[in-house]
Amino acid sequence: MTTRLTTAQAIVRFLKNQFSERDGRQLRLFEGCLGIFGHGNVAGIGQALEQDPGLPYYLFRNEQAMVHTATAFAKMSNRLRTLACTSSIGPGATNMITGAAVATINRLPVLLLPGDIFARRNVAPVLQQLESAATQDISVNDCFKPVARYWDRIERPEQILTALPAAMRVLTSPADTGAVVLSLPQDVQAEAFAYPDNFFEERIWHVARARCDAQFLQQAAQWIRSAKQPLIIAGGGVIYSEATEALSSFAAQTGIPVAETQAGKGSLPYNHPQALGAIGVTGTPGANLLAREADLIIGIGTRYSDFTTASQTAFQNPSVRFININVSEFDAGKQSALPLVGDAQMTLKELACATQGLKVSPSYAECVANFQTTWETEVDRLHNLNCHPPISQGEVIGIVNEISGPRDVLVCAAGSLPGDLHKMWRTRDPKGYHLEYGYSCMGYEICGGLGVKMAAPDREVYVMVGDGSYLMMAQEIVTALQEGYKLNLVVLDNHGFSSIGGLTRACGNRGMGTEYRYRNNGKLDGDLIPVDFVANAESLGANAVRAVTRDDLKEALLAAKKSPKTFVVVIETAYDQRVPGYESWWDVPIAEVSEAASVRAARAKYVEAVKKERVF
Ligand SMILES: Cc1ncc(C[n+]2csc(CCOP(=O)(O)OP(=O)(O)O)c2C)c(N)n1
Ligand SMILES: [Mg+2]
């Protein structure tokens, strides 16, 4: 039996019948399709979505933003669900490239369906087509190739019979997942074909809990038994695998302390006896000092980014060894580790059995406990600096943390906030801390918050966003209002880039181009440019208030909590009242020659610091 459908109609019918399953729990793989229509998709995918409401359509304002929303939705769903994204050809398509990179780098599944130029070719160049004198087999959509985990161009309607299952496999593979791009030429979308009916039957994609090699597991248990100062680094994989309880009992059973990456924050509640908090460039003193001395690192679900390894200066014990638990062979092999290629939850449970009776020494356990107590005192200090307005960013974090509920979700991505949040945010729920820090993409915050809210409407979502990121991408506030998803947005206005401003000064420079100022005598050092973020948010339809003092901020956040509609709190924060770094370093190369003495001094320090970088 067959049914004649257009390629686009067949794609929509197929997508609404896909499910994921793990641990007996079945979910719709695609909760809907986000999009912006143009001539490259409106008569194809657009027609199909209008005809078949089984895959709900959500109108967005910017294609990059809609991919971030889909990515955040997938992250909040522990990669078991996602959203599809449809765009027109040309700029609509290329606007999605940054979003694809965010998804792929963070190992999160999104399905992108950019329109493409005519397969038929006779009417070329069509509006928005990139021409090449050397080939007709190229379009701007080829730019997706390096940022996609699967890329295909559908030149004939029957190609989706093999392309879609391949795409689904990648999306539901914990090891291979990322952005999947199916380029859909405008004419092919509208072409009909007699598709076999069984292609559209409900299909369940089982997400396996892979078990690692049994011999490697025994070897790992031996290494753990002989270690004197072992340390666990929990990455995003712990949370995606829903291994937080297994990690909590393994840490409690063995006494091995746990440090968290940005994606792994929330693996343990902040007050778990073995929790050391953040590690790396934006880490706590306890995590970083123990990493420096550790003789064994157990990395779970981590990519070992430079922020985690402090640009490979974090692990200074000459005989340090690594055990990596990871679903991806690629990540498991990093740091020349003993690779336990498998699911985090499954492997942790097996490792707990293999290390029964093992306990770290009492002196090591005491050291961990001391670090924890001292750190909590430091966080309290930073939360309560009581700076005169403008207040400090640390105080804003403390107040938002205090007013948000234990199951609420904090969302952020770029600027100086991620580092301060990584250190200071007291996470109480495995899904309570949502940082996009693989690509640290300015603009992810608000549309990412929308994706989180779509995935978990029963939780309050707090988006903390710098003025720079807000100015880059705030327009999806309109989409949140359109869909009735309520967000709590906190805009921290420090008139520019506190993060990069601090960085450029640390490199010996004077901060050119890092504050929002008028041009004055040829330079960007005039008065501050006042931007009325309250009026801006109100003009988009949100409720908005300005807070100045700590009390104002508390009052505004309580009003936001009660508000049924998206609520924006704007607060000016001190540009240079920063949370310090603790026992870490980040490799940002300094000019080797310069006319400025400050740059030469920074270079001299840099040359020394680089010597600590290790190759494993
Ligand atoms: C899309 C994008 N462009 C540029 C950067 C580099 N960058 C990182 S932080 C930052 C400034 C962010 O400003 P703001 O949001 O106001 O945060 P603040 O630094 O003031 O905390 C820039 C430009 C980036 N991460 N993402
Ligand atoms: Mg700023």
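Everything discussed here concerns the structure shown above.
Figured I'd write up the structure that's included with this text. Keep in mind that what you see is a predicted model, and the values were worked out from it rather than measured.

Two aromatic rings are characterised by how far apart their centres lie and by the angle between their planes. What the rule picks out here adds up to 16 aromatic pairs. With centroids separated by 4.7 Å and ring planes inclined at 10°, the aromatic side chains of phenylalanine 37 and tyrosine 57 adopt a geometry described as stacked. Of this pair, phenylalanine 37 sits in the loop between β4 (30–35) and α2 (45–51) while tyrosine 57 sits in strand β5 (residues 57–59); the two residues are 20 residues apart in sequence, bridging distant segments of the chain. Looking at tyrosine 57, the relative accessible area reads 27%, which means it is partly exposed.

It is worth spelling out unusual backbone geometry at this point. Across the junction of alanine 124 and proline 125, the peptide omega takes the value -5°, indicating a cis bond. Within the fold, proline 125 resides in the loop between β7 (110–116) and β8 (150–153). Of the consecutive residues proline 389 and proline 390, the connecting peptide bond is found in the cis state with omega at 0°. Phi is positive for glutamine 335, which is not a glycine, with a value near 65°. Considering the arrangement of structural elements, one finds glutamine 335 in the loop between α13 (329–332) and β17 (338–341). Backbone geometry at histidine 495 places phi at a positive 60°, although glycine is not the residue there.

A complete count under the given rule lists 30 salt bridges for this structure. For aspartate 187, the salt bridge is made with arginine 120, and the minimal N-O distance between the two is 4.0 Å. Placement of the pair is aspartate 187 in helix α7 (residues 186–190) and arginine 120 in the loop between β7 and β8, with a sequence separation of 67 residues. With a relative accessible area of 10%, aspartate 187 lands in the buried category. We note a salt bridge from aspartate 142 to lysine 145, for which the minimum N-O separation is 3.0 Å. One salt-bridge network, held together by shared partners, links Asp116, Asp137, Asp142, Lys145 and Arg153.

Helix α20 (residues 476–483) packs onto helix α18 (residues 444–455) with a crossing angle of 20° between their chain directions and a minimal axis gap of 9 Å. On the basis of their axis angle, the class for α18 and α20 is roughly parallel. Relative to α20, the crossing made by α18 is left-handed. Note on element contacts: α20 touches α18 through Glu476, Ile477, Thr479 and Ala480, opposite Ile446, Cys447 and Leu450. Taken together, the residues of the contact of α18 with α20 sort by class into 5 nonpolar, 1 polar and 1 charged.

How each quantity is defined
- Along each chain, residues carry numbers from 1 onward, in the same order as the chain's sequence is written.
- Just so you know, chain letters begin at A and ligand numbers begin at 1, following the order they were written in.
- Side-chain atom pairs in this predicted model are given and counted only at pLDDT of 80 or more, local residue features only at pLDDT of at least 70, and totals for whole chains, interfaces and linings cover all residues.
- Side-chain numbers come from the whole structure's heavy atoms, not from hydrogens or water.
- The criterion for an aromatic pair is that two Phe, Tyr or Trp rings (for Trp, the six-membered ring) have centres within 6.5 Å, with stacked assigned to planes under 30 degrees apart, edge-to-face to planes over 60 apart and tilted to the rest.
- Secondary structure elements follow DSSP: runs of H or I no shorter than four residues count as helices, runs of E no shorter than two count as strands, and numbering proceeds from the N terminus.
- Only protein chains enter the accessibility calculation, which uses a 1.4 Å probe. A residue is then buried if its area is under 20% of the maximum for its type, exposed if over 50%, and partly exposed in between.
- Take a side-chain nitrogen of Lys or Arg and a carboxyl oxygen of Asp or Glu: if they are within 4 Å of each other, that pair is a salt bridge.
- Interaxial angle, 0 to 180 degrees, is taken between N-to-C directions of lines fitted to C-alpha atoms, where a helix line uses only the stretch in contact.
- Here is the rule for angles: anything less than 35 degrees is roughly parallel, anything more than 145 is roughly antiparallel, 65 through 115 is roughly perpendicular, and the remaining ranges are oblique.
- Crossing handedness is read from the near helix: turned anticlockwise from the far helix by less than a right angle, it gives a left-handed crossing, and turned clockwise, a right-handed one.
- Note on contacts: a residue pair is in contact if any heavy atoms of the two residues lie within 4.5 Å.
- Classification convention: Asp, Glu, Lys, Arg as charged; Ala, Val, Leu, Ile, Met, Phe, Trp, Tyr, Cys, Pro as nonpolar; all other residues, Gly among them, as polar.

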